[in-house]
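Fold and contact review
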Amino acid sequence: MRNRGCAVLIKDQKVVLIKRVHNNDTYFVFPGGGVEKDETLEEATIREALEELNVHICIERLLTTVFYHGTHYFFLASILEGDIEIGQGDEYVDKERKRGTYEPVWVPCNQLSSLDVRPKEIGHYVQQFLGEF
């Protein structure tokens, strides 16, 4: 288990998630991934957003941390450049990975609690945060 940096990107009361379909199971995760050697949590989050969403982001602040197969650090971030689309990370281009599909989607924040967001706590946390936003 390694630490992960994850981006929480919000626009017009919607949040970006990655829709995953793997072994006939559909669920959603926040964009992000594992921290590589000599990389900060923030750098990992920025790199993963580019790889998964094809956007350059700016980290605003740490929102929360959740322990789920390692510690996930969720950062509130904003898009500096680009539009959300399928990125060029291994999960999209390496057909040999056999880890299912990845699709970036904008989800209305009031639907977070009705989706299988993993880890579950972060979906609830972000929905509450947006209620105060």
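This text goes with the structure placed above it.
Keep in mind the model is a prediction, meaning the values are calculated, not measured.

In total, this model carries six salt bridges according to the counting rule given. Here Glu 51 ties to Arg 47 by a salt bridge, and the two come within 3.3 Å at their closest N and O atoms. Here Glu 51 and its partner Arg 47 are both found in helix 1 (residues 41-53), four residues apart, which amounts to about one turn of the helix. Residue classification places Glu 51 among the partly exposed positions, given a relative accessible area of 27%. Across the pair Arg 118 and Asp 116 runs a salt bridge, and its minimum N-O distance is 2.8 Å. According to the relative accessible area criterion, Arg 118 is partly exposed, its value standing at 24%. Here the residues in one salt-bridge network are Glu 36, Glu 39, Arg 47, Glu 48 and Glu 51, joined through shared partners.

Counted under the stated rule, the structure contains one cavity of 30 Å³ or more. One number sums up the size of the largest cavity: a volume of about 40 Å³. Among the residues making up the lining of the largest cavity, the classes are represented as three nonpolar, three polar and one charged.

Glancing now at the layout of surface pockets. Rolled over the atoms, a probe as big as a water molecule pinpoints where empty space is left. Quantified by volume, the largest pocket comes out at close to 630 Å³. When residues of the lining of the largest pocket are traced back to their parent elements, those giving at least two are strand 1 (4-11), strand 2 (14-22), strand 3 (25-29), strand 4 (32-34), helix 1 and strand 6 (71-81). Sort the elements by how many residues they give to the lining of the largest pocket and helix 1 lands first, with four residues. Partitioning the lining of the largest pocket into residue classes produces ten nonpolar, five polar and twelve charged.

Criteria and cut-off values
Residues numbered from 1 in each chain as written. Predicted model: local features only at pLDDT ≥ 70, side-chain atom pairs only at ≥ 80, totals over all residues. Heavy atoms only, no water. Salt bridge = Lys/Arg side-chain N within 4 Å of Asp/Glu carboxyl O. Helix = DSSP H or I, 4+ residues; strand = E, 2+ residues; numbered from the N terminus. Buried < 20%, exposed > 50% of the residue type's maximum accessible area, 1.4 Å probe, protein only. 1 Å grid on protein atoms, 1.4 Å probe; cavity = no way out; pocket = protein on both sides within 12 Å on 5 of 7 lines; lining within 4 Å. Points joined across faces, edges and corners; volume = space filled by probe spheres on them. Nonpolar A, V, L, I, M, F, W, Y, C, P; charged D, E, K, R; others polar.

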